[in-house]
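# Residue-level structure breakdown
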Amino acid sequence: MPESIVEIKKELDDRIGEPVLIKAQAGRKRVATHHGVLSKTYPAIFVVHLNDGNGAPDRISYSYTDLLTHNISLAFGEED
């Protein structure tokens, strides 16, 4: 991933609509994993529509600083 928030936003802008695997820190020694599609980017956050298989459409948002500080990681092209 790029080293500044501006570079991260530019890279995510180019990947809107692509499938993504998100791994997020969920507490002490726990990692939450989500499959979804990058849907929108905003000045401070980006939104992912989840398709985790529970039937209900859901979405989650993260800030670009989450990527910069390695609280989450993204892998594009990952599908269930």
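In this report, the structure presented in the accompanying data block is examined. Everything quoted here is computed from the prediction, not taken from an experiment.

Attention now moves to the overall build of the protein. On a plain count of helices and strands, the protein comes out with 2 helices and 5 strands. Starting at the N terminus, the α and β elements of the protein follow one another as α-β-β-β-β-α-β. The contacts in the protein between residues at least 6 apart in sequence include a share of 42% that link residues at least 24 apart. For the protein, the accessible surface area stands at approximately 5,200 Å², while carbon and sulfur atoms represent 50% of it.

Read across the sheet, 5 strands follow the order β4-β3-β2-β1-β5 without closing on themselves; strand pairing throughout is antiparallel. Each end of this open sheet is capped by a strand with a single partner; those strands are β4 (58–63) and β5 (72–76). Ignoring which end each strand starts from, the neighbouring axes of this sheet average 40° apart. Summarising the sheet, strand β2 (residues 31–41) and strand β3 (residues 45–50) pair through 5 bridges and their orientation is antiparallel.

Turning our attention to the pattern of salt bridges. Applying the stated criterion across every chain, the model contains 3 salt bridges. The salt bridge partner of glutamate 11 is arginine 15, with a shortest N-O separation of 4.0 Å. Since its relative accessible area comes to 27%, arginine 15 is described here as partly exposed. Here glutamate 18 ties to arginine 15 by a salt bridge, and the two come within 3.1 Å at their closest N and O atoms. Since its relative accessible area comes to 28%, glutamate 18 is described here as partly exposed. Residues participating in the shared-partner salt-bridge network are Glu11, Arg15 and Glu18.

Thresholds applied
- Residues numbered from 1 in each chain as written.
- Predicted model: local features only at pLDDT ≥ 70, side-chain atom pairs only at ≥ 80, totals over all residues.
- Heavy atoms only, no water.
- Helix = DSSP H or I, 4+ residues; strand = E, 2+ residues; numbered from the N terminus.
- Contact = heavy atoms within 4.5 Å.
- Areas by Shrake-Rupley, 256 points an atom, 1.4 Å probe, with all protein chains shown as cover.
- Pairing = 2+ DSSP bridges.
- Axes fitted to C-alpha atoms, helices over the stretch in contact; angles between N-to-C directions.
- Salt bridge = Lys/Arg side-chain N within 4 Å of Asp/Glu carboxyl O.
- Buried < 20%, exposed > 50% of the residue type's maximum accessible area, 1.4 Å probe, protein only.

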